[in-house]
Amino acid sequence: MTAFQGTAFETINNDTGSLRTGDVRLEVGQAVRIEGETKTRIVTYIAGSPGRFHAYFKNQGAVPLGKVRWSVLDPQSPEGNGESTATAIHQTGEPVLPTVDVPAPPVKTMWLPNEGRVVGVDWSGAADAPRKVWVAEIVFGAGAPRLEAIRRPFSEGGAETVSAALGKYLSSETYDVAGLDFCFGLEQGHISSLRLPTGGPALLGQSLASCYRTPEEFREAVGAERKRVTDQERAAPFAPTNLRMYKQTYWGLRAMSGTTVAIPPWAFAGTRVVVEVLPAAVAKWLGCVTSYKGRGEEAKRQRRDLVAKIKASTGMSVNDADVTEIVDDKEGDACDAVLAALAAASAWASAFAGAPSVVCASGEGWIYSAIEKPRWRALESNPVPSPELAASHEAGHAIVFAACGVPIDWVEVRTSRVGNAVRHGWTEARENEWDRTAPHPPAVKALRRALGKVGGIAGELVAAVAEPQMLLKGAQNDLSQLGAALVIAGVLPPEARDTPQPLILAAAQHAYRVIARNRAVFDEVRRILAEKGRVTGDIVAVPPERRWTDAEDQALLKTLRTIAAGTEVR
C-alpha cells in the first residue's frame, strides 16, 4: 500500500529505531508527523516486506513505542512541511510526493587493514544458488586496496550441493578473513529449547545436519521467528528463521559443519578467520538510503552511486569491467559480496572488537560490520576513565608486552598523581631489564616495545569501551614513546617531531591481533582489574604458541617502513 498525503494511520511500534508501518511502504524523502511530536520527520531508509514495512529516520531521535498514530504530510499545506492535513479518509489517485532535500552524509573513512587478502560471500539457500552466490576478493598491501575478483564461484547443483562446496571453499582457498552473509546462530531461546550447541556455527551446523534433513523440518522445529541480540543491534530486517531467511540460515550453517577455521566471537586466532556480516548494514553505514536492488533505472543508478561511495570511503581500486559487472547485476548480489568483504576487512582491522561476551556464551553470534577509521587527538582535560576503560587499557599493555617477551611484575588501575602528572593505571613491565638481556637486534627490541606502548589503546578497542575519535590525555605519553621507539627501530628519522597517524594505526592493528589471539587471558586480566584494581604478573600468562614471533617482527618492520616512506613526516 502506498501512503498518500493527508492519510492517517495507526500501528503498534516495538522498536525505537524505526516506525513500523505494516502494509504501508513509505518512500525515502517523505515527511511524516507522529502524533504527540512537534517535529517533522524525514524518511531516510525503508526495510521489510508487506505487513512488516519499517521506516527509518536517521539522526532524528527515538521513535515512540506502543500504539502510534502517524500521518504523511501534505506539502501543499500552508505551513509547507510543518503541519499535517491528515484525515481518516484514504485518498485515491496518484501520490504527489513532497520535495524534500535530504543532505548527503559526509563520507566516512572505513578502517581497513594494511595488508592481507579478504573474501566476501553473498550467500543464498535458494534452489538456484549457483546463480545467486557471489564472491568478492579484495587484496590489501602497498598502495590502495584492490578488488581482485568478483565472480560466481559455483556453477552447478542446488542448495545442498552449493552448501557442501562452500565448506570445501572455506577450507582450501587462500585468504586471511572471509565475511559470510548468513546467520551464524539462532536466538538464545531457540537454541535452548532445541538443545542445540552454543559453541559456534561449526558445531551448530553439525547438529542441524544430524537432526533435520531439510530446511522445512528445521523451520517447523524452531517455531515462531525471533531476532537475536545482534539482529536488533544491527537493525537486521529479518530473524534467522524468517520465511525469507530460514533456507539461507540452514544451508549456510550446514556449510560450516565441522570447519576448523577460527570464528569470532568464539575464537579469534587462526590462519583463516570467518565472520558473519550483513551487507545491508555496510550500505547503510556508507549512506545508502535507497534500495539498490531491482531492474529499474533508479536501482541501477543506486548501485553505481554505491560503488562510488565504496571508492570514496576505502580508496579501493575497481577496474571498469568489475564496475560494470556490479552495476548490471539487477539483484544486487555482486555488490553485496563486495560489501561483505569490506565488513570482514574492517572487523579484522579492529581485531573483531565490539561483540559482547553474552552473544558467545548464548550461541547467538555477532554480525561484524564497517568501522570508521580512528583519528587520534588528545583531550584538553584529563577526565577520570571508567573502571572498565582503565582496566581494558592496562590489560592491553600487559598482554602485548607479555606476548612480546617482556616480563610483567604487576598491573593496577588507580587514579594517582605522580609529580605534576595524573595517571589512572600502570603496567609494571621490566622493559629495561629485558632490553639489556633479550637476544634480539636493537630495531626488533624497539619494535616490540612500541607494540607494548600502543597495546593500551588496542585493549580499549578490543573491549569495545573506547571512544575511537578521542584519546585520554594520559595515553599521549604512550604515543610519544611509540614515536621514540620507531625512531630507534629506524622507521622514523631522528628529527621527527610527530608520529604519523598511519604508523599509529598500523602498530595498533598488530597489537589488536596479539590481544585477539590471547582473548581469554585479556578478558580475565581486565575483569580482575575492574573488580579488584590490581593483578600480579603470574595472571598475565601468555602461552608460547600465542606469543609474538620473529617472523612477525620482520613483517611488521617492512610494513612500517613502507608506510613511512609514503607518509609526510614532521
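Preceding this section is the structure that the text describes.
1. Observations concerning the packing of helix H15 (residues 442–462) against helix H19 (residues 550–565)
Argument step 1. Running from amino to carboxyl end, H15 crosses H19 at an angle of 85°, the nearest separation of the two axes being 10 Å. With respect to H19, the axis of H15 lies roughly perpendicular. Counted together, Ala443, Val444, Leu447, Arg448 and Leu451 of H15 and Asp550, Asp553, Gln554, Leu556, Leu557, Leu560 and Arg561 of H19 form the full contact between these two elements.
Argument step 2. Across the contact of H15 with H19, the residue classes tally to 7 nonpolar, 1 polar and 4 charged.

2. Quick word on the sheet that holds strand E2 (residues 19–22)
Argument step 1. Overall, antiparallel pairing links the 3 strands, which are arranged E2-E6-E5 in an open sheet. Looking along the sheet, the strands with just one partner apiece sit at the ends: E2 and strand E5 (45–47). Neighbour-to-neighbour, the strand axes of the sheet open up by a mean angle of 25°, direction not taken into account.
Argument step 2. Alignment of E2 against strand E6 (residues 53–56), held across 3 bridges, turns out to be antiparallel. Each bridged residue has a counterpart across the sheet, and for leucine 19 the counterpart in E6 is alanine 55.

3. Here's the deal with the layout of surface pockets
Argument step 1. Reported here for the second largest pocket is a volume of approximately 1300 Å³.
Argument step 2. Considering the residues around the second largest pocket, the lining is formed by 47 residues, among which Asp231, Gln232, Glu233, Arg234 and Ala235 are closest to the centre.
Argument step 3. Counting residues per element, the ones that place at least two in the lining of the second largest pocket are E6, helix H6 (229–233), helix H8 (279–285) and H15.

4. Some thoughts on the environment of lysine 132
Argument step 1. As for its placement among the helices and strands, lysine 132 is situated in helix H1 (residues 129–132).
Argument step 2. Spatially, the C-alpha atoms of lysine 132 and arginine 152 are 7.7 Å apart, while their sequence positions differ by 20 residues.
Argument step 3. Each residue touching lysine 132, except ones within four places of it in the same chain, is listed here: Asp122, Ser124, Glu331 and Asp333.

5. Concerning the side chain of serine 18
Argument step 1. Among the secondary structure elements, serine 18 is positioned in the loop between strand E1 (8–13) and E2.
Argument step 2. Here serine 18 falls in the buried class, since its relative accessible area comes to 0%.
Argument step 3. Within polar-contact distance, the side chain of serine 18 engages the side chain of histidine 54 at 2.9 Å.
Argument step 4. Those residues in contact with serine 18 that sit more than four places away from it in its chain are Asn13, His54, Ala55, Tyr56 and Val63.

6. Considerations on the nonpolar core
Argument step 1. One finds Leu306, Val338, Leu339, Phe352 and Tyr512 to be the most contacted residues of the largest nonpolar core, which totals 110 residues.
Argument step 2. No other element matches helix H11 (residues 333–349), which puts 14 residues into this core.
Argument step 3. Val119, Tyr169, Leu186 and Met256 belong to the second largest nonpolar core, which has 34 residues in total.

7. A short note on the sheet that holds strand E3 (residues 31–34)
Argument step 1. With antiparallel pairing, the 4 strands of this open sheet are ordered in space as E1-E7-E3-E4. Two strands in the sheet have a free side with no partner beyond their single neighbour: E1 and strand E4 (41–42).
Argument step 2. Note that E3 and strand E7 (residues 66–72) share 3 bridges and pair antiparallel. Its bridge partner lying in E7, isoleucine 34 is registered against tryptophan 70.

8. Some remarks on helix H13 (residues 387–403)
Argument step 1. Look at H13: 24 Å from first C-alpha to last across 17 residues, which is about the 24 Å you get at 1.5 Å a residue.
Argument step 2. Of all 17 residues in H13, 15 are buried, a share of seventy percent or more.

9. A closer look at the environment of arginine 219
Argument step 1. Its place among the elements puts arginine 219 in helix H5 (residues 215–222).
Argument step 2. Residues arginine 219 and lysine 247, 28 residues apart in the sequence, show an inter-C-alpha distance of 8.6 Å.

10. Some thoughts on the packing of aromatic side chains
Argument step 1. Applying the stated criterion across every chain yields a total of 9 aromatic pairs.
Argument step 2. Relative to tyrosine 368, the ring of phenylalanine 352 has its centre 6.0 Å away and its plane inclined at 85°; by these criteria the two rings are edge-to-face. With phenylalanine 352 in the loop between H11 and helix H12 (358–361) and tyrosine 368 in strand E13 (residues 367–368), the pair connects residues that are 16 residues apart, well separated along the chain. Across the pair, tyrosine 368 and phenylalanine 352 agree in class, each one buried.
Argument step 3. Here a set of aromatic residues connected by ring pairs shows up, and it is made of Tyr212, Phe218, Tyr250 and Trp251.
Argument step 4. When the ring centre of tyrosine 246 is taken as origin, the NZ or CZ atom of arginine 219, which lies over that ring, is 5.3 Å away.

So, how was this worked out
- Residues numbered from 1 in each chain as written.
- Predicted model: local features only at pLDDT ≥ 70, side-chain atom pairs only at ≥ 80, totals over all residues.
- Heavy atoms only, no water.
- Axes fitted to C-alpha atoms, helices over the stretch in contact; angles between N-to-C directions.
- Helix = DSSP H or I, 4+ residues; strand = E, 2+ residues; numbered from the N terminus.
- Parallel < 35°, antiparallel > 145°, perpendicular 65-115°, else oblique.
- Contact = heavy atoms within 4.5 Å.
- Nonpolar A, V, L, I, M, F, W, Y, C, P; charged D, E, K, R; others polar.
- Pairing = 2+ DSSP bridges.
- 1 Å grid on protein atoms, 1.4 Å probe; cavity = no way out; pocket = protein on both sides within 12 Å on 5 of 7 lines; lining within 4 Å.
- Points joined across faces, edges and corners; volume = space filled by probe spheres on them.
- Buried < 20%, exposed > 50% of the residue type's maximum accessible area, 1.4 Å probe, protein only.
- Polar contact = N/O pair within 3.5 Å; in protein donor to acceptor, adjacent residues only side chain to side chain.
- Core = buried A, V, L, I, M, F, W, Y, C linked by side-chain atoms within 4.5 Å.
- Expected span 1.5 Å × (residues − 1).
- Phe/Tyr/Trp six-rings, centres within 6.5 Å; stacked < 30°, edge-to-face > 60°.
- Lys NZ or Arg CZ within 6 Å of the ring centre and 35° of its normal.

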